[in-house]
Amino acid sequence: MGINPLVNTQFQYIDTGVNVELLPRVHDNGDVTIHVDLNINSVNGYVNLGGINQPIISQKKISHDIRMREGEVACWEVSSTNRKTRPSAAFRAFPAFRF
């Protein structure tokens, strides 16, 4: 038996970075609801498969609904080590930013 010299190699290309989708809605009483979808893709390392270094892509998907009244401000942060989002610690010191 011989070895087949034809090798079928396939690659899948994936965009890396941050994609943000916002869907705002204004309610009858003036409140605004914003649906936020965050997709974060990044290269997390490499693995050698058959002599070819293949990237390991990490993917985080986060969705939130934020409802605010007129004049309110919302500031959010996404931790790189924790999949949860929360109000920024810097803003929690101010009464207007407490959640």
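Definitions and limits used
- Residues numbered from 1 in each chain as written.
- Predicted model: local features only at pLDDT ≥ 70, side-chain atom pairs only at ≥ 80, totals over all residues.
- Heavy atoms only, no water.
- Helix = DSSP H or I, 4+ residues; strand = E, 2+ residues; numbered from the N terminus.
- Buried < 20%, exposed > 50% of the residue type's maximum accessible area, 1.4 Å probe, protein only.
- Contact = heavy atoms within 4.5 Å.
- Areas by Shrake-Rupley, 256 points an atom, 1.4 Å probe, with all protein chains shown as cover.
- 1 Å grid on protein atoms, 1.4 Å probe; cavity = no way out; pocket = protein on both sides within 12 Å on 5 of 7 lines; lining within 4 Å.
- Points joined across faces, edges and corners; volume = space filled by probe spheres on them.
- Nonpolar A, V, L, I, M, F, W, Y, C, P; charged D, E, K, R; others polar.
- Pairing = 2+ DSSP bridges.
- Core = buried A, V, L, I, M, F, W, Y, C linked by side-chain atoms within 4.5 Å.
- pLDDT = per-residue confidence, 0-100.
- Axes fitted to C-alpha atoms, helices over the stretch in contact; angles between N-to-C directions.
- Polar contact = N/O pair within 3.5 Å; in protein donor to acceptor, adjacent residues only side chain to side chain.

The next subject is the overall build of the chain. Assigned secondary structure in the chain consists of one helix and five strands. Secondary structure elements of the chain, listed N to C terminal, follow the sequence β-β-β-β-β-α. Counting over 99 residues, the chain shows a buried share of 15%. Taking the intrachain contacts of the chain between residues at least 6 apart in sequence as the baseline, contacts between residues at least 24 apart amount to 33%. Carbon and sulfur atoms make up 53% of the accessible area of the chain, which amounts to about 8500 Å² in all.

Moving on, we get to the layout of surface pockets. Of the voids in this model, the largest pocket is the one considered here, and its volume is about 300 Å³. Every residue lining the largest pocket is listed: Gln-10, Phe-11, Gln-12, Tyr-13, Ile-14, Thr-16, Val-43, Ile-52, Asn-53, Gln-54, Pro-55 and Ile-57. With five residues, the single largest contributor to the lining of the largest pocket is strand β3 (residues 52-68). In the lining of the largest pocket, the residues fall into seven nonpolar, five polar and no charged.

On to the pairing of strand β1 (residues 17-26). The element β1 is largely exposed, with a buried count of zero among its 10 residues. Bridging between β1 and strand β2 (residues 32-49) involves 10 bridges; their strand directions are antiparallel. Pairing of Leu-22 across the sheet is with Val-36, part of β2. Once β1 ends, the chain turns through five residues before running back antiparallel as β2, passing Gly-30 with a positive phi of about 95 degrees.

This part is about the nonpolar core. In this structure, Val-36, Leu-38, Ile-62, Ile-66 and Met-68 together form the largest nonpolar core, which totals five residues. Where this core is concerned, the elements lending two or more residues are β2 and β3. With three residues, β3 is the largest single contributor of residues to this core. Ignoring any residue separated from it by four or fewer positions in sequence, one finds Val-36 in contact with Glu-21, Leu-22, Ile-62, Ser-63, His-64 and Ile-66.

It is worth spelling out the confidence of the model for the chain at this point. Confidence in the prediction of the chain, expressed as mean pLDDT, is 76, and 67% of residues score 70 or more. For the chain, the element scoring lowest by mean pLDDT is helix α1 (residues 89-92), at 48; β1 scores highest, at 91. Contacts of residues 87-99 to residues separated by more than four positions or lying in other chains number 17 contacts, the stretch itself having pLDDT below 50.

We now examine the sheet that holds β3. Strands sit in the order β1-β2-β3 across an open sheet of three strands; the sheet is antiparallel. The open sheet terminates on both sides in strands that have one partner only, identified here as β1 and β3. Recorded for the sheet is a direction-independent mean angle of 15 degrees between the axes of neighbouring strands. Sheet topology places β2 next to β3; 17 bridges connect them, and they run antiparallel. In the sheet register, Ile-40 faces β3, and the bridge partner there is Lys-60.

On the secondary structure map, Asp-31 appears in the loop between β1 and β2. Here Arg-67 takes part through its side chain, which lies 3.3 Å from a polar atom of the side chain of Asp-31. Beyond its immediate stretch of four places on either side in the chain, Asp-31 contacts Arg-25, Val-26, Arg-67, Met-68 and Arg-69.

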